[in-house]
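# Topology and contacts: notes
One-letter residues, chain by chain:
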Amino acid sequence: MTEKPSKKQTKNSGIPKLFDLYSSDPAAADLKIFGRIPDQNRRGFLKGAGLATMGAMLGASIPFSKNMPSGLIPVALAETGGVIEGKDGLTLLNDRPLNAETPPHLLDDAITPVNRHFIRNNGIPPEDVDPETWTLTIDGLVDKPMKLTIADLKSKFEVVTKALVIECGGNGRAYFNPPAKGNQWTLGAVACSQWTGVRLKDVLEAAGVQSSVVYTAHEGADAHLSGDPEKLPISRGVPIAKAMDPNILIAFEQNGEPIHPMNGAPLRLVVPGWPGSCSQKWLTRIWLRDQVHDGPKMTGTAYRVPNHPVAPGEKVDKKDFEIIERMPVKSLITFPQSGVETANRNITVRGHAWSGDRDISSVKISVDFGTTWQEANLEKATNTGAWQSWSAAVTLPEKGYYEIWAKATDSEGESQPHAIDWNPKGYLNNTMHRVAVRVS
Ligand SMILES: Nc1nc2c(c(=O)[nH]1)N[C@H]1C(S)=C(S)[C@@H](COP(=O)(O)O)O[C@H]1N2
Ligand SMILES: [Mo]
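Residues numbered from 1 in each chain as written. Chains lettered and ligands numbered in written order. Predicted model: local features only at pLDDT ≥ 70, side-chain atom pairs only at ≥ 80, totals over all residues. Heavy atoms only, no water.

## A closer look at the nonpolar core
Counted only if it meets this: What makes a nonpolar core is a set of buried Ala, Val, Leu, Ile, Met, Phe, Trp, Tyr and Cys residues whose side-chain atoms join them at distances within 4.5 Å. Each residue is placed in one exposure class: buried if its accessible area under a 1.4 Å probe, protein chains only, is under 20% of its type's maximum, exposed if it is over 50%, and partly exposed if it falls in between. The numbering of helices and of strands both runs from the N terminus, where a helix is a DSSP run of H or I of at least 4 residues and a strand a run of E of at least 2. By definition, residues are in contact when any of their heavy atoms lie within 4.5 Å.
Membership of the largest hydrophobic core comes to 30 residues, with the highest contact counts inside it found for Ile-138, Leu-153, Val-203, Ile-250 and Ile-286. Counting residues per element, the ones that place at least two in this core are β4 (135-140), β5 (146-149), α6 (150-156), α7 (200-207), α8 (240-243), β9 (249-254) and β12 (283-289). Tallying contributions element by element places α7 first for this core, with 4 residues. Aside from chain neighbours lying at most four places away, what touches Ile-138 is Pro-145, Met-146, Leu-148, Val-203, Leu-204, Ala-207 and Ile-286. Counting residues in each nonpolar core, the second largest holds 22 residues, with Ile-347, Ile-360, Tyr-402 and Val-435 among its members.

What follows is the structure, encoded as C-alpha cells:
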C-alpha cells in the first residue's frame, strides 16, 4: 500500500523531489487521504453502529459487513486501500488480526502522533469499551487484591506523563534470510507517544507484593482469533524486579487524548525498552505469580531468542531459547525518505535513536557506505524510556546515488551491527537503517 502521491510527485513521475515532499506539514498533507469522509463520520467506524453510516456513504448496504475486520474503512471510502480509522499513512501487513506499521519518514516527530502509532494485534480487540465501567484487577500473590476503575487509578495514585518507546520484538523481521514466519515488519513497528497514567510500581505496592512473587502476568480484553472465549490471544509478563521500574505505566491517555482503540483503549500497560508484547493492551488484570508466567506467547519459542549465536537457518533446540528482555540499540532515519531525488547537496538528515532502558551516547552518520562517519547532534531524552532525536548536516559531494547510514551506540558501548544477527523467529533486528538518495 502506498500513500497517495502529491500533485507535484505525479508531475515529476517517478522519484519524488526531496524538498517538495517536506515543504508542508506531512500531517496536514495526509488529511487529503480522508478528504471525502467527514471527520465526525469517521469516528464511529470502529463500532458496529458505524455500519449504517458507512452503508449510507457507499450508497449500498454491506452484505458481508460481519466479516469486515474491525478498524478497517471500506476501500471505496478511503482514497487509498486499507486505511485504518484514525491512522494515516500506515502500511497494512495483516487485517485479521490487524497489524500495520509506519513508514520511517512518518515517524519524524519527537512524539509520535496517535495517527502514526503502529498497531500490533494478536487477536480481536474489544468493541464498545466503556472507560467509566472498565476495571483492572490486581490479584494473585498480593496482600490486598484490588479491583480498580480508571477513576480509582486517577484518584488513588500519582498521575504522570512520559514519552515512551514501544517497539515490537519482531520489528525488522522482513529482512531475515532465511525468512522468519510472522508479520513482515520492516522498520516501522516502533513509536514514541506520550503516555499518561499511573506507575505500575505504585499500584503493585498498594496491593502489597508478597515475597514469593517471581513474575507478573498481564491479561487484556481482546478475543482469541478462534472465537474461543476461554482462550486469550496473548498474555505476557515481566520479572517482578522489572515491574518495579518507575517508568512502567498503566496508561489511560495517549498524547493527551483517550488511547486509540487499536492501541489499547481505555487502559494499557506501557513497558518501555522491552518487547512491545509486554505492554498489554485493553488491560483488565495483573496477576502476580510465584513462577515465570506461562500464558499464551510466553512459552515455546515466542518472544525468545537462542542463548548462543546461530548461523542463518540453523535449527535451534527448544531448550536453548530464552525470553527476550531489553530491546537492543537502534536508530531510524526519518528524514530524508528513502528513494528521493534532490538537486541539493547539503541535507540535514534526522531521526531518533533508542536502546532498551539505556541512554544513547552517540549517533554517527555515513554517506560513503561506512568508510567515514560523522557525529550527529544528539538530543537528550525527554525522560527515561523516550527515544532521543538527532540531526546531522551532510554533504553529498557530486551527482549520483548515495546511501545515508545511521549507527547508534548506547551508554554501555553497544552499537548497531551491519549484518543481521539471525535467529529462527526473526526478533531483535537492529541492523543500521540505510536510506537511498539520488543527487541530480
Ligand atoms: N491485549 C493485547 N495486548 C497487546 C497485544 C495484543 O495483541 N493484545 N500485542 C502486543 C504486542 S506484540 C505489541 S508489539 C504491542 C503493540 O502495541 P500497539 O499496537 O499499541 O502499537 O502491544 C502488545 N500488547
Ligand atoms: Mo510485538
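## Quick notes on the packing of aromatic side chains
Our working definition: The pairing test for Phe, Tyr and Trp rings, Trp by its six-membered ring, is centres within 6.5 Å, and the orientation test on the planes gives stacked under 30 degrees, edge-to-face over 60, and tilted for anything in between. Remark: a charge is flagged as sitting over a ring if the NZ atom of Lys or the CZ atom of Arg is within 6 Å of the ring centre and within 35 degrees of the ring normal.
Following the criterion strictly, the structure yields 4 aromatic pairs and no others. The interplanar angle of 25 degrees and the centroid separation of 5.4 Å between the aromatic rings of Tyr-303 and Tyr-427 together place this pair among those described as stacked. Here Tyr-303, found in the loop between β12 and β13 (304-306), pairs with Tyr-427, found in the loop between β22 (400-410) and β23 (433-439); they are 124 residues apart in sequence, far enough to count as distant. By the burial criterion, Tyr-303 is buried, and Tyr-427 matches it. Between Phe-369 and Trp-405, the ring centres sit 6.0 Å apart and the planes meet at 80 degrees, which makes this aromatic pair edge-to-face. Here the residue Phe-369 occupies a position in the loop between β18 (360-366) and β19 (374-375), and Trp-405 occupies one in strand β22, the gap between them amounting to 36 residues. Residue classification places Phe-369 among the partly exposed positions, given a relative accessible area of 44%. Sitting over the face of the ring of Phe-252, Lys-154 holds its NZ or CZ atom 4.9 Å from the ring centroid. Its guanidinium or amino end placed over the ring of Phe-335, Arg-350 lies 4.5 Å from that ring's centre, counting from NZ or CZ.

## Details of the sheet that holds β5
For clarity, the cut-off: The criterion for strand pairing is that DSSP finds at least two bridges linking the strands in question. Fitting a line to C-alpha atoms yields each axis, with helices limited to the stretch in contact; the angle taken between N-to-C directions then spans 0 to 180 degrees.
The strand order β5-β4-β12-β8 describes an open sheet built from 4 strands, whose pairing is mixed. Since the sheet does not close on itself, it has two edges, and those belong to β5 and β8 (215-220), each with one partner. Sheet twist, expressed as the mean angle between neighbouring strand axes with direction ignored, is 15 degrees. In this structure, β8 lies alongside β12, joined through 6 bridges in antiparallel fashion. Residue Ala-217 lies in a different strand from β12, and its bridge partner there is Trp-287. Most of the contacts of α7 go to β5, to which it runs at about 140 degrees, and overall it touches β4, β5 and β12.

## A short note on the confidence of the model for the chain
Stated precisely, the cut-off is as follows: Confidence per residue, as judged by the predictor, is encoded in pLDDT with a range of 0 to 100.
For the chain, per-residue confidence averages 87 on the pLDDT scale, and 82% of positions sit at 70 or higher. Below a pLDDT of 50 lies the segment residues 1-49, which in the model reaches 97 contacts outside its immediate sequence neighbourhood of four places, other chains included. In the model, residues 78-82 has pLDDT below 50 throughout and makes 20 contacts with residues more than four positions away in sequence or in other chains.

## Quick look at the site of ligand 1
To keep things clear, this is the line we draw: Residues are counted as near a molecule or strand when any one of their heavy atoms sits within 4 Å of it. Polar contacts, as counted here, are pairs of nitrogen or oxygen atoms within 3.5 Å of one another; within protein the pair requires one atom able to donate a hydrogen and one able to accept it, and residues that are adjacent in sequence qualify only if both atoms are side-chain atoms. Residue type decides the class: Asp, Glu, Lys and Arg count as charged, Ala, Val, Leu, Ile, Met, Phe, Trp, Tyr, Cys and Pro as nonpolar, and the leftover types, Gly among them, as polar.
Every one of the 19 residues lining ligand 1 counts as a neighbour, but Phe-118, Asn-122, Asp-222, Arg-268 and Lys-281 are closest to it. In this structure, an oxygen atom belonging to ligand 1 sits 2.9 Å away from a main-chain N or O atom of Arg-120. Gln-280 places a side-chain nitrogen or oxygen 3.1 Å from a nitrogen atom of ligand 1. Of the residues in the shell around ligand 1, the class split is 7 nonpolar, 8 polar and 4 charged.

## A word on the side chain of His-433
Within the element layout of this structure, His-433 appears in strand β23. In this structure the side chain of His-433 is engaged in a polar contact, spanning 2.8 Å, whose partner is the backbone nitrogen of Ile-333. If near-sequence neighbours (up to four positions away) are discounted, His-433 is found in contact with Pro-104, Leu-187, Ser-331, Leu-332, Ile-333, Ile-404, Trp-405 and Ala-406.

## A few points about empty space enclosed by the protein
The condition is simple: In this analysis the probe radius is 1.4 Å and the grid spacing 1 Å, with only protein atoms considered; a cavity is a set of points the probe fits into but cannot get out of, a pocket is an open set with protein on both sides within 12 Å along at least five of seven lines, and lining residues have an atom within 4 Å of a point. Grid points are joined across faces, edges and corners, and a volume is the space filled by probe spheres set on the points.
All chains considered together, the criterion is met by 3 cavities of 30 Å³ or more. Approximately 230 Å³ is the volume attributed to the largest cavity. As for the largest cavity, its lining consists of 19 residues, of which Arg-120, Arg-268, Gly-276, Ser-279 and Lys-281 are closest to the centre. Partitioning the lining of the largest cavity into residue classes produces 7 nonpolar, 8 polar and 4 charged. Roughly 100 Å³ of volume is contained in the second largest cavity. Top element by residues in the lining of the second largest cavity is strand β17 (residues 346-355). It accounts for 3 residues. Of the residues in the lining of the second largest cavity, the class split is 7 nonpolar, 7 polar and 3 charged.

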